[in-house]
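Chain and residue survey
So the chains spell out like this:
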Amino acid sequence: MNAQEKNIVAFHESGHAIVAESVEHADPVAKISIIPRGIAALGYTQQQPTEDRYLMTRSELLDRLAVLLGGRVAEEQVFGEISTGAQNDLQRATDIARSMVTEYGMSDLLGLVTYETAHQPMFLPEHFNSSRSYSETKATQIDEEISRVIEKAHERVRKILLERRKVLDDLAHLLSQKEIVQGQELREMMSKSTPGMANPSPVQTS
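Notes on the structure in this doc start here. (Residues numbered from 1 in each chain as written. Predicted model: local features only at pLDDT ≥ 70, side-chain atom pairs only at ≥ 80, totals over all residues. Heavy atoms only, no water.)

Regarding the layout of surface pockets
Roughly 1100 Å³ of internal volume is contained in the largest pocket. Around the largest pocket, the lining comprises 38 residues; the ones closest to its centre are Glu 13, His 16, Leu 68, Asp 89 and Arg 92. For the lining of the largest pocket, the per-class residue count stands at 13 nonpolar, 14 polar and eleven charged. (1 Å grid on protein atoms, 1.4 Å probe; cavity = no way out; pocket = protein on both sides within 12 Å on 5 of 7 lines; lining within 4 Å. Points joined across faces, edges and corners; volume = space filled by probe spheres on them. Nonpolar A, V, L, I, M, F, W, Y, C, P; charged D, E, K, R; others polar.)

Right under this line is the structure:
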């Protein structure tokens, strides 16, 4: 990674970590790293589950969605630009939102209906799925509702990171220096910071 990429990854992972520590139902952050793990992972935020779980509530899924969007939103706010680094995050976020809408009956708009049936084998083309039991109009409503769920989470994350902007800057700078920050260090930083609309500090991108 060059210096600019390292800086972007530091803010990206800091966004994930701060949102994880700001929402009620996310697993606590164990470690944040910007040491690359192959081409696919230029950094990571490791969360440590506190117990085995077999069910997830709507609130828990929305919090998980927020954490996934934290990296992209941090890039937006700090650089006024976005990178390809959030591709996997966005895919996972879309999967969660789609499941909430089509499988779990968690959409206020579409109600207590399951729209997904058993998945077809991967080698069959999508249009071959003859088991779809809803109209094109309903398919459009589903797509719009998935987008609405994600956009609402996006706005929520923007507010969280705006209020924690000083911690975002401080954590990213610390990550750039140390490359690994433990979850307890982040929690100490957040406990000493008063949430508020801090003035963004200058960012060195090269």
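With respect to the sheet that holds strand 1 (residues 29–33)
The pairing of strands in a sheet happens through backbone hydrogen bonds and is either parallel or antiparallel. In space, the three strands of this open sheet follow the order 2-1-3, with antiparallel pairing throughout. Looking at the sheet topology across the chains shown, the edges are occupied by strand 2 (44–47) and strand 3 (180–182). Strand after strand, the sheet turns through a mean of 15° between neighbouring axes, direction not considered. In the sheet, strand 1 pairs with strand 3 via three bridges, with the strands oriented antiparallel. Paired with Ser 33 across the bridge in strand 3 is Ile 180. Contacts from helix 6 (residues 183–191) reach strand 1 and strand 3, with the element oriented near 70° to strand 3. (Pairing = 2+ DSSP bridges. Helix = DSSP H or I, 4+ residues; strand = E, 2+ residues; numbered from the N terminus. Axes fitted to C-alpha atoms, helices over the stretch in contact; angles between N-to-C directions. Contact = heavy atoms within 4.5 Å.)

Considerations on the side chain of His 154
Note that His 154 resides in helix 4 (residues 136–163). If sequence neighbours within four positions are ignored, His 154 has contacts with Leu 69, Val 73 and Glu 76.

Some details on the side chain of Thr 102
As for its placement among the helices and strands, Thr 102 is situated in helix 3 (residues 87–102). Using a relative accessible area of 1% as the deciding quantity, one classes Thr 102 as buried. Here Arg 98 takes part through its backbone oxygen, which lies 2.7 Å from a polar atom of the side chain of Thr 102. (Buried < 20%, exposed > 50% of the residue type's maximum accessible area, 1.4 Å probe, protein only. Polar contact = N/O pair within 3.5 Å; in protein donor to acceptor, adjacent residues only side chain to side chain.)

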